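# Structural description and commentary
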Amino acid sequence: MMHYTNRNQFIMSAYGCMNTNPDSLESIMVGNENGASGCIIALDTTEDGIAVLCTNGGFTTDDSTFHAVNETDFFSLRRMFPKMVAVGQAVELAKSCGRKIGIEIKSPQVCIQAMIALRQSNYLEQSYIGGLDPANAARIVNQHPELHVMAEINAPMEETATLVQFAQQTGLFGIRAEPKFLTPTLCEQALLCVVFLASKSTSDPEEMAKMYRQGVNFIETDRPDIASALLPQLAQIMNAE
């Protein structure tokens, strides 16, 4: 059961926030300690199908050798990189902090592993999936309607009403985009149609303030300390108007 609506707003700490390792449990903890309502994790899958925190396709050893995640099995990677984090560990940590989870999928194949981890932790309602273009996002939600899947937008949208209608008709949870693509028109149309909105990461206070005023539900930032100090002040100002 969802305990929030698309009129609620949350600060989501980006992976690597506050100059932490983006593929670490530390990144989740630091975001939590600095006022975030939730965290973003990036998932990729190993050669044998295990989902792990991985932002750039692999890991590099001390001798500068790059090991692609999807070309190496989990146990070989774990031997080389003992601090590598499996999806279940990340979900359990976020759950222990009572925080929401945004999962940036690096390939559609990761969705199954993410869904299993979220279901086992009884955390499907407190999460959303990003990183997929609208067509792939619609395909995934058709196969797994229990997932909260967002369409990823990487370019300005002229026909925002068409995009919102597509999200609504295909059962998508929402739309995720760079702050500059979350225009006032798109935000207004999405919120009226009960389509959630999530931003990609920003550290710019003006961008955060603008998205807050426009009703963006999940405001992602690598500076949750700035966001948590700024947004309550904005709420007080808006409530007084």
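Quick summary incoming for the structure in this document. (Residues numbered from 1 in each chain as written. Predicted model: local features only at pLDDT ≥ 70, side-chain atom pairs only at ≥ 80, totals over all residues. Heavy atoms only, no water.)

## Considerations on the overall build of the protein
Across its full length, the protein holds nine helices and eleven strands. Over its C-alpha atoms the protein spans a radius of gyration of 18 Å, differing by no more than 12% from the 18 Å that the globule rule assigns to 241 residues. Dimensions of the protein along its principal axes, counting C-alpha atoms only, are 55 × 35 × 35 Å. Put simply, the protein has 241 residues, and 53% of those count as buried. For the protein, long-range pairs separated by at least 24 residues make up 58% of all intrachain contacts whose partners lie at least 6 apart in sequence. (Helix = DSSP H or I, 4+ residues; strand = E, 2+ residues; numbered from the N terminus. Rg over C-alpha atoms; globule rule 2.2 N^0.38 Å. Buried < 20%, exposed > 50% of the residue type's maximum accessible area, 1.4 Å probe, protein only. Contact = heavy atoms within 4.5 Å.)

## So, the pairing of strand S11 (residues 218–221)
Burial along S11 is two-sided: Phe218 and Glu220 and Ile219 and Thr221, pointing in opposite directions, are all buried. As judged from the four bridges shared by strand S1 (residues 10–13) and S11, these two strands associate in the parallel manner. When the sheet's bridge partners are listed, isoleucine 11 is paired in S11 with isoleucine 219. (Pairing = 2+ DSSP bridges.)

## Considering helix H8 (residues 205–214)
Every buried residue of H8 is listed here: Met208, Ala209, Met211, Tyr212 and Gln214. Capping of H8 at its N-terminal end is provided by aspartate 204; its side-chain oxygen lies 2.8 Å from the backbone amide nitrogen of glutamate 206. (Polar contact = N/O pair within 3.5 Å; in protein donor to acceptor, adjacent residues only side chain to side chain.)

## Overview of the pairing of strand S9 (residues 174–177)
A two-sided burial pattern is seen for S9, the buried positions comprising Gly174 and Arg176 on one face and Ile175 and Ala177 on the other. Strand direction decides the pairing type here: strand S8 (residues 149–153) and S9, joined by four bridges, are parallel. Looking across to S9, one finds that methionine 150 is bridged to glycine 174. The parallel pair S8 and S9, bridged by helix H6 (residues 160–170), forms a crossover whose chirality is right-handed. (Right-handed = clockwise from strand over helix to strand, strands pointing away.)

## Concerning H6
Listing the buried residues of H6 in full gives Thr160, Leu163, Val164 and Ala167. End-on view of H6: buried residues confined to an arc of 95 degrees, all on one side of the axis. In this fold, the buried residues of H6 make contact with S8, S9 and helix H7 (184–192). Just downstream of H6 lies glycine 171, where phi reads positive at about 80 degrees. (Arc of directions from axis to C-beta.)

## Details of the packing of H6 against H7
It is at 9 Å that the axes of H6 and H7 come closest, and there the two elements cross at 30 degrees. As judged from the angle between their axes, H6 and H7 are roughly parallel. The handedness of the crossing between H6 and H7 comes out as right-handed. Where H6 approaches H7, its residues Thr160, Ala161, Leu163 and Val164 are matched on the opposing element by Thr185, Leu186, Gln189 and Ala190. The class makeup of the residues in the contact of H6 with H7 is five nonpolar, three polar and no charged. (Axes fitted to C-alpha atoms, helices over the stretch in contact; angles between N-to-C directions. Parallel < 35°, antiparallel > 145°, perpendicular 65-115°, else oblique. Left-handed = near helix turned anticlockwise from the far one by under 90°. Nonpolar A, V, L, I, M, F, W, Y, C, P; charged D, E, K, R; others polar.)

## Digging into the pattern of salt bridges
Applying the stated criterion across every chain, the model contains seven salt bridges. Here arginine 119 and glutamate 146 are joined by a salt bridge, their closest N and O atoms 2.5 Å apart. Of this pair, arginine 119 sits in helix H4 (residues 110–120) while glutamate 146 sits in the loop between helix H5 (134–143) and S8, placing them 27 residues apart in sequence. Overall, glutamate 146 belongs to the partly exposed group, its relative accessible area being 29%. In this structure, the salt-bridge partner of glutamate 220 is arginine 176, at a minimum N-O distance of 2.9 Å. With a gap of 44 residues between them, glutamate 220 in strand S11 and arginine 176 in strand S9 connect regions that are remote in the sequence. (Salt bridge = Lys/Arg side-chain N within 4 Å of Asp/Glu carboxyl O.)

## Digging into the environment of methionine 80
Inspection of the secondary structure puts methionine 80 in helix H2 (residues 74–80). Taking the C-alpha atoms as reference points, methionine 80 and glutamine 168, 88 residues apart in sequence, are found 44 Å from one another. Filtering out sequence-adjacent residues up to four positions away, methionine 80 remains in contact with Thr61, His67 and Thr72.

Just distances and angles here, no functional claims.
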